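Structural features, examined
These are the residues of each chain, in order.
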Protein chains: 2
Amino acid sequence: MTNDAPPSIYNDSFHFKDLKITPTTTPQKGPEIGGRTDHMVEIHWDSVNGWSQTPEIKPFAPLSIDPTASGLHYAIQCFEGLKAYKSTDGKSVRLFRPNLNLQRLNNSSRRIVLPEFNEEEFLKILAKFVEIEARFIQPGGFIYLRPYHIGTNGGLGIRTPTSSTLGVVSTIMPNFSAKIMSLYASPPNALRAWPGGFGSSKLGANYGPTLEQNDVANKLGYDQVLWLFGENRVVTEAGGSNFVVVWKCADDESKTEIVTCTLENGTILPGITRRSAFEYLNEKYANDENTIVSEREFTFDDIEAAVNEGRLVEAFGLGTAYFVSSCGTIRSPEGVDIKIPLPIEGRTGPVAEDIRTHLGNIMYGNTGEFDHPWRYDV
Amino acid sequence: MTNDAPPSIYNDSFHFKDLKITPTTTPQKGPEIGGRTDHMVEIHWDSVNGWSQTPEIKPFAPLSIDPTASGLHYAIQCFEGLKAYKSTDGKSVRLFRPNLNLQRLNNSSRRIVLPEFNEEEFLKILAKFVEIEARFIQPGGFIYLRPYHIGTNGGLGIRTPTSSTLGVVSTIMPNFSAKIMSLYASPPNALRAWPGGFGSSKLGANYGPTLEQNDVANKLGYDQVLWLFGENRVVTEAGGSNFVVVWKCADDESKTEIVTCTLENGTILPGITRRSAFEYLNEKYANDENTIVSEREFTFDDIEAAVNEGRLVEAFGLGTAYFVSSCGTIRSPEGVDIKIPLPIEGRTGPVAEDIRTHLGNIMYGNTGEFDHPWRYDV
């Protein structure tokens, strides 16, 4: 398992040039937190005719789904999450590395035996959708984009789907990134994913089953579950985000390590914010002997030791919804609240702040990052 | 993990007495293999009003679902499978231990944080549905019933669902039980479930992700995957059914063991056919010193050794869809086809045949089993 997906193969495709756009006749007033935008993308596939030759952008409306559809019974469903950002002057709108999201959606589709789609054509349709919905984005703000792919074939057979719907909807999500995150480390009898399973694909099946523990965490006042794995309590991810710890090294406190779980055993989501942050950090610290950037297994005991020995610098989550969220507390599986340092004004740490600024500049088109290759202007 | 579920708790309920029945105005001709019946059950729940006070049986039709619904994105969905059987004289229709299916559906609902429902009221509605659809059941045949429960709340939040739909649809499924099953043992890098996961709940999330291996198996000509677990290659279940092996004991060939995987580590579905067969076998062989009935871990190596030493008597699957399906071949993870004996006329073995006859008599109301407590007459 690496960040790089195998190339997608598709014999047929829908085309942007055939896009049918039906504007809503009942536009909403404007952006409302928790609401949605006016339209949606809908593209159908079936095993006889292949991809529909009429991809559509149409008014947001309920889907009509066979009650025996494979997507409702067998979790034949996968999705993506990305954002469309508007510059603070309100003049430009862009996506952040959307090609990686569509590549991952094809990986997820393959994992759940749904057909692959043409990423280039889909990206053009997605960009058109964002252009149409741009009035819902505040200057210096974003909307959340949710591409999804679900099996629609009926009949209850447990087999490779014979029809599917590929769609996009968009919601107006609050900005979680300013919040200081508190985490609930998972108990030993609850696992999010396992080697040989599907934890590295963005399948619906990775989310619903985690809600049981998420509920426990929320009821005790924690924001998310920090998922540990195995007897050694390997720190994997935080459900809604990847997880990063910064500490002074135990064997040489003049050195700092920035560490996140490896993708190697396939139990965590290969996040695009994670990838981007680590590509940036690797480049930045390439020639810095005192800063080690690591993607490797580390354990909950390592975090506890670093806290106890005063070596922990900071910890934070990385993800699309939460962006860069500094962590202030982790409840251990033994029920002890471990305080995580927030060295900058009690709200964040130096590495989180650096990543937040660097990626934020690219996302919002701030000074100096206008030509960055990770930008995709709409 | 045992067969016995904790008691269900529900503060409010829909009621059979409030059932609204709307007959179809476009009835189908009659049963067609691969088709469906004319109607469906639909009952709604939301966190403000609780269960709908108007459960409905209405014409089969597409569901109207918010494209941001939790059931479409986060696999907040679970289901059941049971059958309605008609006696060979065509005069009576019955279910087989339906209370256990509804208890398991409540267990699954709890696991995926959907609300529990009143099993007694739901059973009365299910029975009414079967009564209405009875014309689709051939004498000596069955229809397949699919209760399901899905999250319907929109907005894309990853949280405890605030609304859901509990429904029943029914399909006309072929009789798989006569077929001799060939199995494809899973490779070491593919796992269906894990202790601490959700393999013992009937969630959609246990099915879709298995299709990748199922596809490989089908393309090589095998019917189902036999899921092995861990380095010791523990034999767990066959995806669509539990799995039973009968062999002469290695240390004393005068003794026969009938063995299936234990429910203890939570990685297999606690099948109702499995439970019924093992309750029957345990009672039958309670005083027979030469027949051991076991629910315990056993490995693929144990099967290979029994075959090589000529001790293997038979192997079969147990489940609702497949009922009792004798197994003729298992492809080992090394790619070797292992021939499994079919001592009775090359089509089955003595234990499978005994279970098939005993449970079949109860299901179809054959001689001598009219008053069996496992019958639920419609």
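Calculation notes
Note on numbering: residues in each chain are counted from 1, in written sequence order. A letter from A marks each chain and a number from 1 marks each ligand, given out in the order of writing. Owing to the predicted nature of the model, reporting of local features is limited to residues with pLDDT of at least 70; listing and counting of side-chain atom pairs is limited to 80 or more, with chain, interface and lining totals taken over all residues. Side-chain metrics rest on all non-hydrogen atoms present in the structure, leaving aside hydrogens and water. Here the copies were fitted onto each other by least squares, based on C-alpha atoms from residues at pLDDT of at least 70 in both. Residue contacts are defined here by distance: any two heavy atoms, one from each residue, within 4.5 Å place the two residues in contact. The convention used is that axes are lines fitted to C-alpha atoms, helices contributing only their stretch in contact, and that angles between N-to-C directions extend from 0 to 180 degrees. For helices the rule is a DSSP run of H or I covering at least 4 residues; for strands it is a run of E covering at least 2, with both sets numbered from the N terminus onward. For classification purposes, angles smaller than 35 degrees are called roughly parallel, those larger than 145 roughly antiparallel, those between 65 and 115 roughly perpendicular, and all remaining angles oblique. Residue type decides the class: Asp, Glu, Lys and Arg count as charged, Ala, Val, Leu, Ile, Met, Phe, Trp, Tyr, Cys and Pro as nonpolar, and the leftover types, Gly among them, as polar. Relative accessibility under 20% of the residue-type maximum defines a buried residue, over 50% an exposed one, and the middle range a partly exposed one, all with a 1.4 Å probe and only protein chains included. At least two DSSP bridges between two strands are required for those strands to pair. Accessible area that two parts lose when put together, evaluated with a 1.4 Å probe and summed over both, is termed the buried area. Each salt bridge in this description consists of a side-chain nitrogen of Lys or Arg and a carboxyl oxygen of Asp or Glu lying within 4 Å of one another. Distance and chemistry together define a polar contact, namely a pair of N or O atoms within 3.5 Å, with one atom able to donate a hydrogen and the other to accept it when in protein, and with adjacent residues in sequence counting only for side-chain atoms on both sides.

1. Brief notes about the relation of the copies chain B and chain A
Superposition record for chain B on chain A: RMSD 0.0 Å, screw rotation 180 degrees, translation along axis 0.0 Å. Here the two chains are linked by the operation of a two-fold rotation axis. Take the interface residues of chain B: 96% of them recur as interface residues in chain A, which is what a same-surface contact looks like.

2. Some words on the packing of helix α5 (residues 272–284) of chain B against helix α7 (residues 350–364) of chain B
The relative placement of two packed helices comes down to the angle between their axes together with the axis-to-axis distance. Residues and elements named next belong to chain B. Where α5 meets α7, the closest approach of the two axes is 11 Å, and the angle between their N-to-C directions is 105 degrees. The orientation of α5 with respect to α7, classified from their angle, is roughly perpendicular. Along its contact with α5, which presents T273, S276, A277, Y280, L281 and K284, the element α7 presents V351, D354, I355, H358 and L359. Class assignment of the residues belonging to the contact of α5 with α7 gives a composition of six nonpolar, three polar and two charged.

3. Observations regarding the pairing of strand β9 (residues 142–151) of chain A
Residues and elements named next belong to chain A. With ten of ten residues buried, β9 is to be regarded as a mostly interior element. Of the two faces of β9, the one carrying F142, Y144, R146, Y148 and I150 and the one carrying I143, L145, P147, H149 and G151 are both buried. Examined bridge by bridge, strand β6 (residues 77–79) and β9 share three bridges and lie antiparallel to one another. When the bridges of β9 are listed, C78 appears paired with H149. Pairing geometry for strand β7 (residues 82–86) and β9, over four bridges, is antiparallel. Looking at the pairing, K83 lines up with Y144 of β9.

4. A few points about the environment of K124 of chain A
Looking at the element boundaries, K124 of chain A is found in helix α3 (residues 119–133). A sequence separation of 107 residues divides K124 of chain A from K17 of chain A, and the C-alpha atoms of the two residues are 9.4 Å apart.

5. Comments concerning the interface of chain B and chain A
Each partner contributes to the interface: chain B provides 53 residues, whereas chain A provides 52 residues. Summing the contributions of chain B and of chain A, the shared interface buries around 4,400 Å²; its carbon and sulfur component is 66%. It is P67, L72 and L211 of chain B in chain B that bury the most area against chain A; as a group they hold 14% of the surface buried on that side. Between the two partners, chain B and chain A, sit two salt bridges. Where chain B meets chain A, there are 24 residue pairs in polar contact (both at pLDDT 80 or more). Put simply, the parts of the chain that give the side of chain B that touches chain A at least two residues each are β5 (63–65), α1 (70–73), β6 (77–79), α2 (98–111), β9 (142–151), β10 (163–171) and α4 (211–219) of chain B. Taken together, the residues of the side of chain B that touches chain A sort by class into 31 nonpolar, 14 polar and eight charged.

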